Amino acid sequence: MVGLMIAAVIVAILPLFFILLNLVVKGASSLNFAFFTRVPVPAGETGGGVANAIVGTLIIVGTASLIGLPLGMAAGVFCAEFPDNRIAWISRFLADVMNGTPSIVVGVFAWTWIVAKQKHFSALAGSAALAMLMIPMVMRTTEEMVKLVPNSLREAALALGYPRWRTSLSIVVRTALPGIVTGSLLATARIAGETAPLLFTALGSQFFSLNINRPMAALPLTVFTYATGPYEEWHRFAWASALVLIMVVFVLSIAARIATRQRFSFRD
Amino acid sequence: MYGKFTAVKNVTLAFEANRVHALIGPSGCGKSTFLRALNRMHELAGGGWITGRVLLDGQDIYDPKVEPIRLRKRIGMVFQRPTPFPTMSIFDNVAAGLRVDGRRSRTELVGTVEQSLRQAALWDEVKDRLKTSALALSGGQQQRLCIARTIAPAPEVILFDEPTASLDPVGTQRIEELLFELKRSFTIVIVTHNMQQAARVSDTTTFFYLGSMIERGPTSQIFTTPRDPQTEAYITGRFG
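Residues numbered from 1 in each chain as written. Chains lettered and ligands numbered in written order. Predicted model: local features only at pLDDT ≥ 70, side-chain atom pairs only at ≥ 80, totals over all residues.

## As for the overall build of chain A
- Helices and strands together make up the secondary structure of chain A, namely eleven helices and zero strands.
- Each helix and strand of chain A, placed in order from N terminus to C terminus, yields the pattern α-α-α-α-α-α-α-α-α-α-α.
- Referenced to the eigenvectors of the C-alpha coordinate spread, the extents of chain A come out at roughly 70 × 55 × 40 Å.
- Across the 268 residues of chain A, 40% fall into the buried class.
- Excluding contacts between residues fewer than 6 apart, the proportion of contacts in chain A whose partners are at least 24 apart in sequence is 73%. (Helix = DSSP H or I, 4+ residues; strand = E, 2+ residues; numbered from the N terminus. Buried ≥ 20, exposed ≤ 12 C-beta atoms within 10 Å, placed from the backbone. Contact = placed C-beta atoms within 7 Å.)

Structure, rendered in structure tokens:
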């Protein structure tokens, strides 16, 4: 029985191991200083990099987090603190539905309501689509984390004469904070790799851009474009971009682990 | 009372100031519910309500003019399990009830925290590590920290809901000794499962059974010459 379980574990992690191995073997050789600092060169030429896509991913994901994290956390705290509230019940149900919605549907939605209305693609539309994916994830983990805080702690604060809202914020949410941070970082890592919602919102770009009102490059889009392109050089870049993307997600996951470990922080 | 269920009925009690008042009775007899009604904590469990009056210095605490938040600053509470705030240091835990009232000067905070910890007989054990996590303390120390936290805002009454139920004998003994000291400054109402504890620490004892108050009197009288046969049966260990 134990042997069977060990075999199952090996089968489960084998694909992950091969993905990482493949990425490193095929991608690492293309990683150099220019890859991180230069923008793409026209097809057929060699050299250049994906600096525009790295910066683009940071901007798009950062903007999405700026929109999605506060909304998701606030909604999650609300649902946990007022579990019997009708609005909480409805939003919990909708969040569960949203969590199961394919991301491309969210992309189409963002295209219909932002890109089509504005009549041009923009990084902001991409961020909005990613934020829409993020909110239900962050909301549900926040709610679960807040619900884990023992009720005795809440009672102790109320018995000290804490008003209800202060009990929620400075005792309950603060106790749940490491878990909420972990959930947020994992949600950020999840959306950093999303490709479908960006295809017809941020679109992608060959140029360096900081204007979130314009199309912008992003690592998942770079991987998609280069991997499906006809040139050998592009394929190498696709592997290298995928490796960088995995590393970004990896760093966020490690950060999430560290955030959970820090249970108590000193303050004066 | 919760919803349609009546947990406690027909209780008339006066708690004299600067005494320890014990509430005893078997599990589920309503003594904790009654205790919670004394600082309106029972209202937090959905559907809790009462009829009748609870007077503190002649004022009904269920008067619509009385805010439960202000009331709970006058009537503190210590719970069955130690509940230090896990994100706060020892110092911040004791200062929590003071800080929630608004800004206080640093020196005033430091003074009150030290005095509260001394009153809770914890100062000597923690004075060198006030900035460390309260979770590193032992169970008994955590409970005394909770007592220090409760007395820091200077309430008039302290309610103890089985404060030693989760402690070992040494921790229990220290809390009991503390009650003797604390009754000089505060009026204490303690719910306990442990009859020996009630006999040791309290000045008056009230016996609850099936949601009703059966008998109350000076502790020595209740434990030596109870008037009610049910009280006698309980304290002699025939049920409960």
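Past the structure itself, the notes keep going.
## Re the overall build of chain B
- Along chain B, the regular secondary structure elements total ten helices and eight strands.
- For 240 residues, the compact-globule formula gives about 18 Å, and the C-alpha radius of gyration of chain B, at 18 Å, lands near that figure.
- Its C-alpha atoms give chain B principal-axis dimensions of roughly 55 × 45 × 30 Å.
- Burial analysis of chain B (240 residues in total) assigns 46% to the buried set.
- Excluding contacts between residues fewer than 6 apart, the proportion of contacts in chain B whose partners are at least 24 apart in sequence is 69%. (Rg over C-alpha atoms; globule rule 2.2 N^0.38 Å.)

## Observations regarding the interface of chain A and chain B
- Listed by partner, the interface residues are 16 residues for chain A and 23 residues for chain B.
- Among the elements that line the side of chain A that touches chain B, the one with the most residues is helix H7 (residues 151-159) of chain A, at six residues.
- By residue class, the composition of the side of chain A that touches chain B is ten nonpolar, three polar and three charged. (Nonpolar A, V, L, I, M, F, W, Y, C, P; charged D, E, K, R; others polar.)

## Comments concerning helix H7 (residues 169-182) of chain B
Residue and element names in this part refer to chain B.
- For H7, with 14 residues, the first-to-last C-alpha span of 20 Å sits near the 20 Å given by 1.5 Å per residue.
- Turning to H7, its buried residues number three or more, namely Gly171, Ile175, Leu179 and Leu182. Each buried residue of H7 sits inside an arc of 85° when the element is viewed along its axis, so together they form one side. The exposed set on the far side of H7, more than 90 degrees from its buried face, consists of Pro169, Val170, Phe180 and Glu181.
- Those residues of H7 hidden inside the fold are in contact with strand E1 (20-24), helix H6 (139-151), strand E5 (157-161), strand E6 (187-191) and helix H8 (195-201). (Expected span 1.5 Å × (residues − 1). Arc of directions from axis to C-beta.)

## Comments concerning the pairing of strand E7 (residues 204-209) of chain B
Residues and elements named next belong to chain B.
- A large share of E7 lies buried, amounting to six of its six residues.
- Side-chain alternation along E7 places Thr204, Thr206 and Phe208 on one buried face and Thr205, Phe207 and Tyr209 on a second face that is also buried.
- The pairing of E1 with E7 spans four bridges and is classified as parallel. Each bridged residue has a counterpart across the sheet, and for Leu23 the counterpart in E7 is Thr206. (Pairing = 2+ DSSP bridges.)

## As for H7(A)
- Residues Arg154(A), Ala156(A), Ala157(A), Leu158(A) and Ala159(A) constitute the buried set of H7(A).
- On its buried face, H7(A) is in contact with helix H8 (164-192) of chain A together with helix H2 (68-74) and strand E4 (75-78) of chain B.
- Phi turns positive one or two residues past the end of H7(A), at Gly161(A), with a value near 90°.

## Digging into the packing of helix H5 (residues 103-118) of chain A against helix H6 (residues 123-148) of chain A
All names here are of chain A.
- Remark: H5 packs on H6, axes separated minimally by 9 Å, with the N-to-C direction vectors making an angle of 135°. The angle between H5 and H6 places the two elements in the oblique class. As H5 packs across H6, the resulting crossing turns out to be right-handed. Touching Ser103, Val106, Gly107, Ala110, Ile114 and Val115 of H5 are Ala125, Ala128, Ala129, Met132 and Leu133, all from H6.
- Grouping the constituent residues of the contact of H5 with H6 by class yields nine nonpolar, two polar and no charged. (Axes fitted to C-alpha atoms, helices over the stretch in contact; angles between N-to-C directions. Parallel < 35°, antiparallel > 145°, perpendicular 65-115°, else oblique. Left-handed = near helix turned anticlockwise from the far one by under 90°.)

## Examining the packing of helix H3 (residues 51-81) of chain A against H6(A)
Residue and element names in this part refer to chain A.
- Two elements in contact, H3 and H6, have axes whose closest approach is 6 Å; the angle formed by their N-to-C orientations is 35°. The crossing of H3 and H6 is right-handed.
- Residue composition of the contact of H3 with H6, by class: 22 nonpolar, eight polar and three charged.

## Re the sheet that holds E7(B)
Residues and elements named next belong to chain B.
- Taking strand neighbours across the sheet as the criterion, the six strands line up as E4-E5-E6-E1-E7-E8 in an open arrangement whose pairing is mixed. Edge strands, defined here as strands with exactly one partner in the open sheet, are E4 and strand E8 (212-218). Going from strand to strand, the sheet's axes swing by 20° on average, the running direction of each strand aside.
- Sitting on the sheet, H6 is in contact with E4 and E5, with an inclination near 170° to E4.

## Some thoughts on the pairing of E4(B)
Residues and elements named next belong to chain B.
- Alternating residues of E4 divide into Ile75 and Met77 and Gly76 and Val78, and every residue in both groups is buried.
- Summarising the sheet, E4 and E5 pair through four bridges and their orientation is parallel. From the neighbouring strand, Gly76 faces E5, where its bridge partner is Ile158.

## Remarks on the confidence of the model for chain A
- Residues of chain A with pLDDT of at least 70 account for 97%, and the chain-wide mean is 87.
- Mean pLDDT across the secondary structure elements of chain A bottoms out at helix H2 (residues 33-37) of chain A, with 85, and peaks at H6(A), with 93. (pLDDT = per-residue confidence, 0-100.)

## Details of unusual backbone geometry
Residue and element names in this part refer to chain B.
- Look at Ala121: it is not a glycine, yet its phi comes out positive at around 55°.
- For Ala121, a count of 18 C-beta atoms within 10 Å corresponds to the partly exposed category.
- One non-glycine residue, Ala154, lies in positive phi territory at about 55°.

## Some thoughts on the nonpolar core
Residue and element names in this part refer to chain A.
- Ranked by internal contacts, the top residues of the largest apolar core, which has 126 residues, are Met134 and Ala202.
- In terms of residues, this core owes the most to one element, H6, which gives 16 residues.
- If sequence neighbours within four positions are ignored, Ala202 has contacts with Ile60, Phe121, Ala123, Ala125, Gly126, Pro215, Met216, Ala218 and Leu221. (Core = buried A, V, L, I, M, F, W, Y, C linked by C-beta atoms within 7 Å.)

## What about the confidence of the model for chain B?
- In this model, chain B carries an average pLDDT of 82, and 92% of its residues clear a pLDDT of 70 or more.
- With a pTM of 0.81, the predicted complex shows an ipTM of 0.84.

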